[in-house]
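Examining the three-dimensional arrangement
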Amino acid sequence: MAKTYTCRDVGVDCDWKTSGETEDEVMTNIGEHAAQIHPDIELTPELVAAVRGAIKDERTTSRTGQSVNRRLGSNSLPGTLATST
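Note that the structure is a prediction, hence the values are computed from the model and not measured.

1. A few points about the overall build of the chain
For the chain, the count of helices and strands is 2 helices and 4 strands. Reading the chain from its N end, one meets helices and strands in the order β-β-α-α-β-β. Scored against the burial criterion, the 85 residues of the chain give a buried share of 34%. Residue pairs at least 24 apart in sequence account for 47% of intrachain contacts in the chain once pairs closer than 6 positions are excluded. Working note: accessible area of the chain is about 5400 Å², and carbon and sulfur atoms make up 46% of it.

Okay, here's the thing in structure tokens:
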């Protein structure tokens, strides 16, 4: 099931969207985007947790064909958004 994320999901005024097969893939995409487009935004542990929490499972219902999203949560962060505790 594909995972999806948009910057607007965490209150950033940006229409960028990404998706991937895994949450780690989406987090890598987010990290690359944040470094290139939002270098002025400080990636605090709270923001990183909010970003990870905003990643959704995307599934398509067979009856209507419309996407249905479900929020996911996790405390570990891969790639460029990883923080040490």
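2. So, the nonpolar core
Counting 11 residues, the largest nonpolar core consists of Tyr 5, Cys 7, Val 12, Cys 14, Val 26, Met 27, Ile 30, Leu 47, Val 51, Ala 54 and Ile 55. Breaking this core down by element, the ones donating at least two residues are helix 1 (23-37) and helix 2 (45-54). Not counting chain neighbours up to four residues away, the residues in contact with Cys 14 comprise Cys 7, Arg 8, His 33 and His 38.

3. Regarding the environment of Glu 58
One can find Glu 58 in strand 3 (residues 56-60). Considering only alpha carbons, one finds Glu 58 and Ser 19, 39 residues apart in sequence, at a separation of 9.0 Å.

The rules behind the values
Residues numbered from 1 in each chain as written. Predicted model: local features only at pLDDT ≥ 70, side-chain atom pairs only at ≥ 80, totals over all residues. Heavy atoms only, no water. Helix = DSSP H or I, 4+ residues; strand = E, 2+ residues; numbered from the N terminus. Buried < 20%, exposed > 50% of the residue type's maximum accessible area, 1.4 Å probe, protein only. Contact = heavy atoms within 4.5 Å. Areas by Shrake-Rupley, 256 points an atom, 1.4 Å probe, with all protein chains shown as cover. Core = buried A, V, L, I, M, F, W, Y, C linked by side-chain atoms within 4.5 Å.

Limitation: the analysis is restricted to geometry and does not speak to function.
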